[in-house]
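Reading the structure
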Amino acid sequence: MSSWPWLQSGRIGDPQTPSLGSLAVSDFLRSYLTVAIFGAVALLLAGGILSLGRLIRPSHGNAEKLLTYESGVDPTGDMWSQSNIRYYVFALLFVMFDVEAVFLFPWATRLEAYGVFGLVEMGIFILILLLGLVYAWRKGMLRWV
Amino acid sequence: MVLNQFLLLAAALFCIGVYGVLARRNGVMVLMSVELILNAVNINLVAFAAFTNSIAGEVFALFVIAIAAAEVGVGLAIVLLIYRNRKSIDLTEVDLLKG
Amino acid sequence: MIAQVLAQAFESPTIDYHALAPEIVLVSFAALLILLDVVLLEKGRTFISALAGIGLLATMLPILTLAIDGTDRVMFGGAYVVDDFSLVMKAMFVLSGYVVVLLSTNYIAEGDYWENEYYGLLLASLTGMVMISSARDLISIFVALELLSIPVYMMATWRKRDIRSNEAGLKYYLMGVFASAVMLYGMSMLYGTAGSTLLVDIGEAVGGEETTSIVTLAVIFTIIGFAFKVSAVPFHYWAPDTYEGAPTPVTAYLSVASKAAGFVALLQLVMVGFYARDDVYEPVLWILAAASMTVGNLLALRQENVVRMMAYSGVAQAGFMLAPLAVAGKIGDDAVVATVTYLLIYAAMNLGAFAVIIALARKTGSATLDSFNGAFHYAPGLTVVMTMFLFSLAGIPPFGGWFAKFAVLAALIDANTAAGVVLAVVAAVNSVIALYYYGGLARRMWAEEAPDGDLTPVRVPVSLVAALGLAAGLTLLFGVFPNLVSEVSDVSLISTLGG
């Protein structure tokens, strides 16, 4: 493993700058210990209170009481409900444009530095994306039939 | 922070993903398993980028995310088509063409 | 770290528009096709395939001017290189794309399929191929690979209501996505080792004194990803099913262009990125090559369907193309030359064979071996060219295929190692096995009686004739004047990068 010296040192980042990026292994594990203790306390507290309530409270179950609460209306149908297939196209379009926006953010943070060059490049990118949207629109994908 | 942890997490995710692709019989679940592998890749890339102080890994991860979305879009469309034509997305039933 | 990056002043990269012209033309035409589709809807159907063809021919122009100019152009800090290798491959991709457009023209138009999108997707996929020939960086290789694959997933599923086409698309999609995910995992480790995504930097970082386990893992994962793409055994099992179910022009495209794109990326990765680690990649590629040749040929023997037979023969041919890479560490750029030679000749003869299959299926409507019986009696012209393509695929002179096989065998023997010689013997034995099924198909076409004595001639549309003429002409030309190919395929990957 000689080509990977940092595997032995176990550190990421520049050791000179004191930051989260330079915690040693033991520090790293110790900070996780806090998380573990916190989690254990939370579990104990919630579990303790719930089981205490269970011990004290009376229990007279009947079918009416065991029904799922659905805004006071009697629940109908299965727990699994199929959503309409038409949502799929919208969801897909949303995901596409949402993810492509990932490329807009780095560009937007440095808008001025990139100047005209960046503007033109991003313009071409958005134009091609728009072409996709126009396509979906013309083919009637955006209409709710 | 320690690099090993990230690599181990990524390796674990990768193995779960590969297992899912090979063992799952539901088309959508296989797609999700592939996503797990891609996320393992992203963790690797970002961890290495943080370690080597080069931004290329993070850029790579962005591209992986964007392209994975496009891939899944096409994949879901194909699974949907199969569902429409045969009312099931069980991959064991997709066996008209025997190899 | 981000603060550091932000602190640097931004210099807009100098862009060599001449070098990027093929990509720009292709993307413009792909966008134009979609735009026309959006504006005209069904009215555009009459000329859209012609326009796609024009777009591809227009792309050839800048490729030719770049070839005449002849200087190597390096852009984006080495991530994008236009050199002899990339120009030869770009020309091959664009030409085979043109042949696929010719094959598709009637097939898609008569099948009541969505037509405008088909050509838009085809051009988008070709853009990815043109890009991948220049990509010398992990990110650009990945983006180009996905750009060329994703449209093909849709094209394989093009017959929407046909369950077999759905199945073909699904299998290809799942395999493709899984393969690219595995490949990406390998690439992420390569990046971790080198701290850079440039292949040249990876080449330096990987080529240390000793082989580390992480590098071994990364190299193997990356190669496996591409082994899926080029359908090498044991990662081939999607190929026959996908080839059979997909529309036949798409099958032709898959078996030629898509496979070639996998090889182009593999060549670049192996020769530039992994070159010094021949102790890792040579055994892997040796096994892939030997297994592909043997298993592909043996399974091709017992196929009843021509398209499936061509699929397995394609697996075997992929083995031949992989073979020179299995000794790349000994012979350097000669391995690139041998593989590129094989790719060019294979493209011509395989597209030709598929053109005949499409033409005959217009009459018989089937692709079983029996449906080819007695083709000579009603389609003598098609039978003659098909025989030529089959003999070429089997490697019989004077058709192109013999020179392809000769180049590979010569490269293997030049390596002067036991592994190389054994692989050459495996390749030679396999050429003989292949002769059996290629010859068997030819015998059916000449000697058997036509089923039901049906001797009505096949009506072959003009575009198919043009495709056949192009493929047949090139196959014959390559076989009779092999100098032509060796002149073109005399490319190198190592020297251009000073590695």
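Residues numbered from 1 in each chain as written. Chains lettered and ligands numbered in written order. Predicted model: local features only at pLDDT ≥ 70, side-chain atom pairs only at ≥ 80, totals over all residues.

**Re the overall build of chain A**
In terms of helices and strands, chain A carries six helices and zero strands. Secondary structure elements of chain A occur, N-terminal to C-terminal, as α-α-α-α-α-α. Sorting the 145 residues of chain A into buried and exposed places 1% on the buried side. (Helix = DSSP H or I, 4+ residues; strand = E, 2+ residues; numbered from the N terminus. Buried ≥ 20, exposed ≤ 12 C-beta atoms within 10 Å, placed from the backbone.)

**A few points about the overall build of chain C**
Along the backbone of chain C there are 21 helices and two strands. Over its C-alpha trace chain C gives a radius of gyration of 22 Å, about what one expects of a compact globule, namely 23 Å for 499 residues. The C-alpha extent of chain C, read off along each of the three principal axes, is 75 × 60 × 45 Å. When the 499 residues of chain C are sorted by exposure, 63% land in the buried category. Residue pairs at least 24 apart in sequence account for 81% of intrachain contacts in chain C once pairs closer than 6 positions are excluded. (Rg over C-alpha atoms; globule rule 2.2 N^0.38 Å. Contact = placed C-beta atoms within 7 Å.)

**Description of the environment of serine 489 of chain C**
If you trace the backbone, serine 489 of chain C turns up in the segment after helix H21 (482-488). For serine 489 of chain C, the contacting residues outside a window of four places in its chain are Val88, Val337, Val340, Thr341 and Leu344 of chain C.

**Considerations on the nonpolar core**
Taken as a class, soluble globular proteins show a tendency for nonpolar side chains to be buried jointly. Residue and element names in this part refer to chain C. By size, the foremost hydrophobic cluster in this structure holds 245 residues, and its most contacted members are Leu103, Ile132, Ala355, Val356 and Val408. If you tally residues by element for this core, the top one is helix H15 (residues 333-364), at 22 residues. Apart from residues lying up to four places away in sequence, leucine 103 is in contact with Pro249, Ala252, Phe354, Ala355, Ile358, Leu464 and Ala467. (Core = buried A, V, L, I, M, F, W, Y, C linked by C-beta atoms within 7 Å.)

**Details of the domain arrangement of chain A**
Domains assigned within chain A are domain 1 (21-59) and domain 2 (86-138). With centres defined by C-alpha atoms, the gap from domain 1 of chain A to domain 2 of chain A works out at 44 Å. (Domains from an automatic or database assignment.)

**Comments concerning the confidence of the model for chain A**
Summarising the model, chain A shows a mean pLDDT of 75, and 74% of its residues fall at 70 or more. Ignoring residues within four places in sequence, the model shows residues 1-22 of chain A, a span with pLDDT below 50, making 27 contacts including any to other chains. (pLDDT = per-residue confidence, 0-100.)

**Concerning the interface of chain C and chain B**
On the chain B side, the residues contacting the 39 residues of chain C number 35 residues. Taken together, the elements giving at least two residues each to the side of chain C that touches chain B come down to helix H6 (138-156), helix H7 (163-194) and helix H10 (238-245) of chain C. The biggest single contributor to the side of chain C that touches chain B is H7 of chain C, with 18 residues. Here the side of chain C that touches chain B is composed, by residue class, of 23 nonpolar, nine polar and seven charged. (Nonpolar A, V, L, I, M, F, W, Y, C, P; charged D, E, K, R; others polar.)

**Some thoughts on unusual backbone geometry**
A cis amide bond, omega 5°, links valine 233 of chain C with the succeeding residue proline 234 of chain C. In this chain, proline 397 of chain C is followed by proline 398 of chain C through a cis amide linkage whose omega measures 5°. Looking at the element boundaries, proline 398 of chain C is found in the loop between helix H17 (380-394) and helix H18 (401-414). A positive phi angle, close to 55°, is found at asparagine 53 of chain B, a residue other than glycine. Among the structural elements, asparagine 53 of chain B can be located in the loop between helix H2 (27-52) and helix H3 (56-86). For asparagine 53 of chain B, a count of 15 C-beta atoms within 10 Å gives the class partly exposed. Phi is positive for phenylalanine 76 of chain C, which is not a glycine, with a value near 50°. Residue position: phenylalanine 76 of chain C is located in the loop between strand E1 (73-75) and strand E2 (80-82). Among the residues examined, phenylalanine 76 of chain C registers 14 C-beta atoms within 10 Å and is labelled partly exposed.

**Re the packing of helix H13 (residues 306-322) of chain C against helix H19 (residues 418-447) of chain C**
Residues and elements named next belong to chain C. The contact between H13 and H19 brings their axes to 11 Å, and the two run at 165°. Accordingly, the angle class assigned to the pair H13 and H19 is roughly antiparallel. The crossing of H13 and H19 is left-handed. Mapping the contact onto sequence places Met309, Ser313, Ala316 and Phe320 in H13 and Ala427, Asn430, Ala434 and Tyr437 in H19. In the contact of H13 with H19, the residues fall into six nonpolar, two polar and no charged. (Axes fitted to C-alpha atoms, helices over the stretch in contact; angles between N-to-C directions. Parallel < 35°, antiparallel > 145°, perpendicular 65-115°, else oblique. Left-handed = near helix turned anticlockwise from the far one by under 90°.)

**Considering helix H4 (residues 84-110) of chain C**
Given a rise of 1.5 Å per residue, 27 residues ought to cover 39 Å, and the 40 Å separating the end C-alpha atoms of H4 of chain C matches this to within 8%. Considering bend angle alone, the principal kink of H4 of chain C is centred on serine 104 of chain C and spans about 40°. (Expected span 1.5 Å × (residues − 1). Bend = angle between axes of the 7 residues up to and from the residue.)

**Looking at the environment of threonine 92 of chain B**
Position of threonine 92 of chain B among the secondary structure elements: in the segment after H3. Along the primary structure threonine 92 of chain B and alanine 66 of chain B are separated by 26 residues, whereas in three dimensions their C-alpha atoms are 30 Å apart.

**A few points about the packing of helix H8 (residues 199-206) of chain C against helix H11 (residues 248-273) of chain C**
Residues and elements named next belong to chain C. For the pair H8 and H11, the least separation of the axes is 8 Å and the interaxial angle reads 50°. Between H8 and H11, the interaxial angle falls into the category oblique. Packed against H8, whose contacting residues are Leu199, Val200, Ile202, Gly203 and Val206, the element H11 presents Gln268, Leu269, Val272 and Gly273 at the interface. Looking at the contact of H8 with H11 residue by residue, the classes come out as six nonpolar, three polar and no charged.

**With respect to the confidence of the model for chain C**
Residue and element names in this part refer to chain C. Confidence in the prediction of chain C, expressed as mean pLDDT, is 87, and 96% of residues score 70 or more. When mean pLDDT is taken per element in chain C, H6 scores highest with 93 and helix H1 (residues 2-7) scores lowest with 55. Both scores are given for the predicted complex: the pTM is 0.86, the ipTM 0.93.

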